[in-house]
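What follows is each chain in one-letter form.
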Amino acid sequence: MHDFFIPVIKSALRSTGIETNKQIIIEQPAEKKFGDFSTNIALLTAKECRRNPRELAQQIIEHLVFPPDTIAKIEVAGPGFINFHLTSFFIMRSLQQVLHEGDAYGKGSVGTGKRAIVEYVSANPTGPLTIGRGRGGVLGDCIANLIATQGYEVTREYYFNDAGRQMQILGESVRFRYLERCGKEKEFPETHYKGEYIKDIAENIYSEHGAALAEDSTVLTFKESAETIIFSSIKKTLERLGIRHDSFFNEHTLYTPDEAGITANQRVIEALRENGFIAEYDGATWFLTTKLGQEKDKVLVKSTGEPSYRLPDIGYHISKFERDFAMMVNVFGADHIDEYPDVIEALKILGYDTERIKIAINQFVTTTVDGQTLKMSTRKGNADLLDDLIDDVGADATRLFFIMRSKDSHLNFDVELAKKQSKENPVFYLQYAHARICSLLRMALQETGFDPESNTEYHLLQLLTSPAELQLGFALLDYPDRIKASVRLLEPQKMVEYLHSVAELFHRFYQECPIIKAEADICKARLFLALATRQVLRNGFRILGVSAPESM
RNA sequence: GUGCCCGUAGCUCAAUGGAUAGAGCAUCAGCCUUCUAAGCUGAGGGUUACUGGUUCGAGUCCAGUCGGGCGCACCA
């Protein structure tokens, strides 16, 4: 609908003789009495025109030229808002678009022909996924879905490292458990992974090799077994939530020399050095971030000769630029908040267009069961596991709960609420609306023989004029703009909120307007409206990765 | 100490700088001989943590104060 208003207003401003570079904003007033849409353009430009905003608004109105039968009323209100009331004819006629476009309804085209990458989860394979990781996983997956609606070809990538210190500790942890299994008790180090899964992996190795590896002092075998087993369990957990990555980027490739015998890491160092941002001291190689106004320099290569995580991170992002992505989204938890500014700075120094990089940070999750808060730590082995949560509440509730709050807000995951099969649970409220429509369409076919899916008498929609029908129809037309807003903010929560309002408007319509019992043409029209509602719910559910049950 | 996020109804949370700050839950009062009551209608409930500032207009932007979360490694 924005696209409907903007050109008309632009042209009216021209005819009125107003020159402005201010952006024209179309908004929906909180109250219907202020119209379906309004613009504050007269308020914004009044000052530079040195005019009274209300008079200016009146003058703009006189130059507005809309297509016939679209606008019922235009008025100046308050300090100088211009409010637009749509005709019911226009709303209902526009709804035909929902039915014509079907699954494609709501899609945009700004990303057509462009490629985007969304990096998410990216947990190193040191243990099963925790609930906290789950939030980032679902958020990333929904963001990828959102971006894809705008035409981008999206790559979903998982970045991991199987060569670092944590993986070494993992291997050692397994070896300790293995030795225990072989009857060679050793004291288990405080710093190592204590989860039950470590014992399972050790048991697995024992059943394959017996005690043959007990004298082997290297951890390689243990590490590799652990990695294989854990990675496949991580993928299995993600699969349960419908999360599938297209690409797994192993950080270790950045340590591997190319034909010229140089690693990506070395190239980063040399490139930064040419720009004067590298120095060696205290036995380490430093990124001179003090030159950028920071308090301390940052280590890129440790005195042990190993790169710190920052160096490969920079190299990894360069690989994204080399793969020519127009948009790059990084999704990670609040604990990694300090990770990206240095990377961005380095990329800027090296001349990359960092505007393409978007960061989506999700705040933490606390889980409450029976009002008790759970705390987690992978290392201590008392983590709250994502798999357990999915077992408990199901994939749909898991996904929806993770994104039904703004990513900037701490999430309180109430397990009891997620399990409830009642109206308190937002998952059921949304899905019930869909199931109810399916049931209605089945019943209608049986009672009247009319199937709105195989008919195209969409013009009948114009018979509908009641407030409940118009409000629902209006909401359905808003869907494309809602997706765009959600994409812009990288915020799936906006979609949850929107779909909730659609469900609510449908329930009211259903309550107030008899459908099957109505006169034949009205009945058909209402079934078309129900069908359009179902289409929007389905399309929205697909973005969120929530199932659309046909009956409940 | 410092960087980021948060502070809005009893609870969980909304509100691209707009008009009288909204939902859900909980509480109270109604609506099923009629298409799914897993639903709908209505009522009560607020100094948007505090103090200044910018603006025609601030929950929103800026500065400061107070409170909570997460970071601040030659871990990732």
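Everything quoted here is computed from the prediction, not taken from an experiment. (Residues numbered from 1 in each chain as written. Chains lettered and ligands numbered in written order. Predicted model: local features only at pLDDT ≥ 70, side-chain atom pairs only at ≥ 80, totals over all residues. Heavy atoms only, no water.)

Moving on to the overall build of chain A. Secondary structure assignment for chain A yields 20 helices and 15 strands. Oriented by its inertia axes, the alpha-carbon framework of chain A measures out at about 85 × 60 × 45 Å. Relative to its full complement of 552 residues, chain A shows a buried share of 52%. For chain A, long-range pairs separated by at least 24 residues make up 71% of all intrachain contacts whose partners lie at least 6 apart in sequence. (Helix = DSSP H or I, 4+ residues; strand = E, 2+ residues; numbered from the N terminus. Buried < 20%, exposed > 50% of the residue type's maximum accessible area, 1.4 Å probe, protein only. Contact = heavy atoms within 4.5 Å.)

Our next topic: the confidence of the model for chain A. Predicted confidence across chain A gives a mean pLDDT of 91, with 98% of residues reaching 70 or more. Mean pLDDT across the secondary structure elements of chain A bottoms out at strand S14 (residues 372–374), with 70, and peaks at strand S5 (residues 115–119), with 97. Contacts from residues 377–381, a stretch scored under 50 in pLDDT, to residues over four places away or in other chains number 14 contacts. (pLDDT = per-residue confidence, 0-100.)

Moving on to the side chain of glutamine 431. Residue placement: glutamine 431 occurs in helix H16 (residues 426–448). Glutamine 431 sits in the buried class, given a relative accessible area of 6%. A polar atom in the side chain of glutamine 431 sits 2.9 Å from the backbone oxygen of serine 547. Excluding anything up to four places from it in sequence, glutamine 431 contacts Asp396, Phe541, Val546, Ser547, Pro549 and Met552. (Polar contact = N/O pair within 3.5 Å; in protein donor to acceptor, adjacent residues only side chain to side chain.)

Attention now moves to the sheet that holds strand S4 (residues 81–86). Paired through their backbone hydrogen bonds, the strands of a sheet run either parallel or antiparallel. The sheet built from 4 strands is open, its strands ordered S1-S2-S4-S3 with antiparallel pairing. Sheet topology places strand S1 (26–27) and strand S3 (71–77) at the edges, where each strand pairs with a single neighbour. In this structure, S3 lies alongside S4, joined through 6 bridges in antiparallel fashion. Residue pairing in the sheet places valine 76 in a bridge with isoleucine 82 of S4. (Pairing = 2+ DSSP bridges.)

Across soluble globular proteins, you tend to see nonpolar side chains buried next to one another. Formed by 144 residues in total, the largest nonpolar core has its most connected members in Phe5, Ile147 and Phe413. Top contributing element to this core by residue count: helix H20 (residues 520–544), with 14 residues. Of the residues that make up this core, three or more belong to each of domain 1 (2–86) and domain 2 (423–544). Every residue in contact with phenylalanine 413, bar those within four places of it in the chain, is listed here: Val365, Thr366, Thr367, Thr368, Leu389, Val393, Ala397, Thr398, Phe401, Phe402 and Ala418. (Core = buried A, V, L, I, M, F, W, Y, C linked by side-chain atoms within 4.5 Å. Domains from an automatic or database assignment.)

Although it is not a glycine, arginine 50 adopts a positive phi angle of roughly 50°. Relative to the helices and strands, arginine 50 resides in the loop between helix H2 (41–49) and helix H3 (53–62).

We now examine the packing of helix H6 (residues 131–149) against helix H14 (residues 395–403). H14 packs onto H6 with a crossing angle of 85° between their chain directions and a minimal axis gap of 9 Å. Between H6 and H14, the angle falls in the class roughly perpendicular. Facing H6, whose interface residues are Ile131, Gly134, Arg135, Val138, Leu139, Asp141, Cys142 and Asn145, H14 presents Arg399, Phe402 and Ile403. When grouped by side-chain class, the residues that make up the contact of H6 with H14 number 6 nonpolar, 2 polar and 3 charged. (Axes fitted to C-alpha atoms, helices over the stretch in contact; angles between N-to-C directions. Parallel < 35°, antiparallel > 145°, perpendicular 65-115°, else oblique. Nonpolar A, V, L, I, M, F, W, Y, C, P; charged D, E, K, R; others polar.)

Let us now look at the pairing of strand S9 (residues 284–287). Burial along S9 is two-sided: the face carrying Ala284 and Trp286 and the face carrying Thr285 and Phe287 are both buried. Here strand S8 (residues 278–281) folds back onto S9 in antiparallel fashion, the turn holding 2 residues, of which aspartate 282 has a positive phi close to 55°.

Turning next to the pattern of salt bridges. One pass over the full model with this rule turns up 27 salt bridges. Arginine 399 is the partner of aspartate 141 in a salt bridge, and the nearest nitrogen-oxygen pair spans 2.9 Å. Taken together, the positions of aspartate 141 in helix H6 and arginine 399 in helix H14 put the pair 258 residues apart, joining distant regions of the chain. The exposure class of aspartate 141 is buried, given its relative accessible area of 4%. A relative accessible area of 1% means that arginine 399 is categorised as buried. A salt bridge links arginine 526 to glutamate 469; the shortest N-O distance between them is 2.6 Å. Here the residue arginine 526 occupies a position in helix H20, and glutamate 469 occupies one in helix H17 (residues 467–477), the gap between them amounting to 57 residues. A cluster of three or more residues bridged by salt bridges with shared partners is formed by Asp141, Arg156 and Arg399. (Salt bridge = Lys/Arg side-chain N within 4 Å of Asp/Glu carboxyl O.)

A few words on the protein's contact with RNA strand B. Close contacts around RNA strand B come from 65 residues, with Lys302, Tyr432, Arg436, Lys494 and Glu497 the closest. Expressed as a percentage, the sugar and phosphate content of the atoms of RNA strand B within 4 Å of the protein is 61%. The separation between a base nitrogen of RNA strand B and a polar side-chain atom of asparagine 83 is 2.9 Å. Taken together, the elements giving at least two residues each to the surface near RNA strand B come down to S1, H2, S4, S9, H16 and helix H19 (493–512). With 8 residues, H16 is the single largest residue contributor to the surface near RNA strand B. (Near = heavy atom within 4 Å.)

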